[in-house]
Amino acid sequence: MIEKFIVSGLCPKYDVAFIDEAQDLSPIQWKMFDIIKENSKYVILAGDDDQAIYGWAGADVKKFQQEVSKKDIILPQSYRVPQLVQNLAGNILKQIPDDRRIQKSWSAREEEGTVNYIYSTEDAPLDQGTWLVLARYNDKLNRLKPTLKERGIYFEFQDRKSYKITLFKTILNYTRWTKGDDLSLAEVKDIFEYTGTDTEIKEERMYDLTEFGFSKDTPWYDVFQSDYEECLYIREMLSNGEELNKPPRVKLSTIHSAKGGEADNVLLMLDNTKTIRDSVEKSPDKQDEEHRVWYVGVTRTKQNLYVMSAKKEDQGYDIEGLI
C-alpha cells in the first residue's frame, strides 16, 4: 500500500488505513505513514517486532515499536506452532533485552510437536512429508542440492523445480506413445534429441515411433541416452513415488525468503557467514535482529523441527545453547 503512495505521490483521505508487515517499513515509508495517519480517522498497523528481520534493507523496527499504544491488540493464539517449537522460539527471544522489544505472550497449538537436533541432512526424513529447508544464505542451499538429488528427492529452489522440465515432458510423451498415442512432429524431435536418433523429419503430422525402430516394450530409461545424470535423477524420483506433476514437497529457502511461509517439517541449518558474525559482534541492533532471524526460522514449523548443527561449531547460531 505505502509503495503505491510513494510512486503516485498521492495520499487520499481514508476512514481506515490498514498497513500490513509494518515492522518492515523503511524510514521513507514511515514518513509516508505519518502522512497517511494525518489523513485517516483510524490507522491499523499489523506487524510483529519479533519478526523484524529487514534492517539490512533499511527497515526501522524502532519506529514500529514507538507506535505502541493502549489500543494495541496482541493476538494470543498461534495456529501454526506446536508447544515444543514455541518453547525454543521463546528461548531465542529471551536473548533480546526486554527494553528492546515489545513484551507479549501467545499460546501454541495443543499438539506437542518435536524438536530434533541432528548433524547431517541424512538424519532428516526428507523422503516423506512437506518440508522447508532453511539456511541463512543461498550458498549453503546450493551446496545441498547435489545431496538431495543423490537421494532422489524432488525439491524447489528459488522458484525452480529441481529437474529439467523439458526432459520430463519428453519422457511423458515417450511413455504416452508406449501406451498407444501417436506423437506430433515437435514431440518426436524432442525424443530424437534425448535418444540420440540421427533422423531428420519435417512433415507436420502425427507419428508412430515404430517408424524409426523404437519398440513399445522398451522403457524410456533404456533409450534416453543424453543427459544421463538428469535421467537417472528423474528415474530415482519416480521410483521413490515423487509426484513430479505436482508442486515439490521440499522447498529450499533462505530464512528471509521463507518469512510468511510454513511447512509440517522444517530443517534449519545453523551455519552463518563471517560477515554476519562480524556485524553481530559490533552492533547490539544487529545482534537483536540476528536473534529475530532465527526466531522466524524456527516458527515456520507446524509439526517437526530439525535443527542441524553448523559444519564448524563456532561459525553457527548457538540454538542448542539456549535449551
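This structure is a prediction, so every number in the text was calculated from the model and none was measured. (Residues numbered from 1 in each chain as written. Predicted model: local features only at pLDDT ≥ 70, side-chain atom pairs only at ≥ 80, totals over all residues. Heavy atoms only, no water.)

Caption draft 1: Geometry of the overall build of the protein chain. A tally of regular secondary structure across the protein chain gives ten helices and nine strands. Dimensions of the protein chain, computed from the C-alpha atoms along their principal axes, are close to 80 × 50 × 40 Å. Here the protein chain holds 323 residues, and the buried ones make up 44% of them. Sequence-distant contacts, at least 24 apart, represent 79% of the contacts inside the protein chain between residues at least 6 apart. As displayed, the protein chain offers around 18000 Å² of accessible surface, 48% of which is attributable to carbon and sulfur atoms. Within the protein chain, the 57 negative side-chain charges are centred at a point lying 5 Å from the centre of the 45 positive side-chain charges. (Helix = DSSP H or I, 4+ residues; strand = E, 2+ residues; numbered from the N terminus. Buried < 20%, exposed > 50% of the residue type's maximum accessible area, 1.4 Å probe, protein only. Contact = heavy atoms within 4.5 Å. Areas by Shrake-Rupley, 256 points an atom, 1.4 Å probe, with all protein chains shown as cover. Lys, Arg positive; Asp, Glu negative; His and termini not counted. Charge placed at Lys NZ, Arg CZ, Asp CG, Glu CD.)

Caption draft 2: Structural detail: a nonpolar patch on the surface. A contiguous nonpolar surface patch, about 400 Å² in accessible area, is contributed by Val16, Phe18, Tyr42 and Ile44. Among the secondary structure elements, those contributing two or more residues to the nonpolar patch are strand E1 (14-19) and strand E2 (40-45). In this fold, tyrosine 42 is placed in strand E2. (Patch = residues over 30% accessible without salt bridge, like charges linked within 9 Å, V, L, I, M, F, W, Y side chains within 5 Å. Salt bridge = Lys/Arg side-chain N within 4 Å of Asp/Glu carboxyl O.)

Caption draft 3: Expanded view of the nonpolar core. Val133, Tyr174, Leu209, Phe224, Ile234, Leu252 and Leu267 are the most contacted members of the largest nonpolar core, which totals 43 residues. Sequence-distant contacts of isoleucine 234, that is, excluding residues within four places in its chain, are made with Tyr163, Leu167, Phe168, Ile171, Trp220 and Leu244. (Core = buried A, V, L, I, M, F, W, Y, C linked by side-chain atoms within 4.5 Å.)

Caption draft 4: Representation of the environment of tyrosine 163 within the structure. Turning to its location among the elements, tyrosine 163 is positioned in the loop between strand E6 (160-161) and helix H6 (165-178). Linking tyrosine 163 and aspartate 208, residues 45 residues apart in sequence, is a C-alpha distance of 27 Å. Sequence-distant contacts of tyrosine 163, that is, excluding residues within four places in its chain, are made with Tyr154, Phe168, Glu230, Tyr233, Ile234, Met237 and Leu244.

Caption draft 5: Main features of the side chain of threonine 195. With respect to the secondary-structure elements, threonine 195 resides in helix H7 (residues 185-195). By relative accessible area, threonine 195 is classed as buried at 6%. A distance of 2.7 Å separates a polar atom in the side chain of threonine 195 from the backbone oxygen of isoleucine 191. Leaving out residues up to four positions away in the same chain, threonine 195 has contacts with Phe214, Val223, Phe224 and Gln225. (Polar contact = N/O pair within 3.5 Å; in protein donor to acceptor, adjacent residues only side chain to side chain.)

Caption draft 6: Seen up close, the pairing of strand E9 (residues 301-308). Counting buried positions along E9 yields six of eight residues, so the element is predominantly enclosed. Both strand E3 (residues 114-118) and E9 contribute to a ladder of five bridges, which runs parallel. Bridge pairing in E9 links valine 115 to leucine 305. (Pairing = 2+ DSSP bridges.)

Caption draft 7: View of the sheet that holds strand E4 (residues 131-135). The strand order E3-E9-E8-E4-E7-E5-E6 describes an open sheet built from seven strands, whose pairing is mixed. Each having just a single partner strand, E3 and E6 make up the two edges of the open sheet. With three bridges connecting them, strand E5 (residues 155-157) and strand E7 (residues 250-254) associate as parallel partners. Bridging across to E7, phenylalanine 155 finds its partner in valine 250.

Caption draft 8: Spotlight on the layout of surface pockets. A volume near 1500 Å³ is recorded for the largest pocket. Taken together, 38 residues make up the lining of the largest pocket; nearest its centre are Leu45, Ala46, Gly47, Asp48 and Ile73. Elements with a contribution of two residues or more to the lining of the largest pocket: helix H2 (27-38) and E2. Grouping the constituent residues of the lining of the largest pocket by class yields 16 nonpolar, eight polar and 14 charged. (1 Å grid on protein atoms, 1.4 Å probe; cavity = no way out; pocket = protein on both sides within 12 Å on 5 of 7 lines; lining within 4 Å. Points joined across faces, edges and corners; volume = space filled by probe spheres on them. Nonpolar A, V, L, I, M, F, W, Y, C, P; charged D, E, K, R; others polar.)

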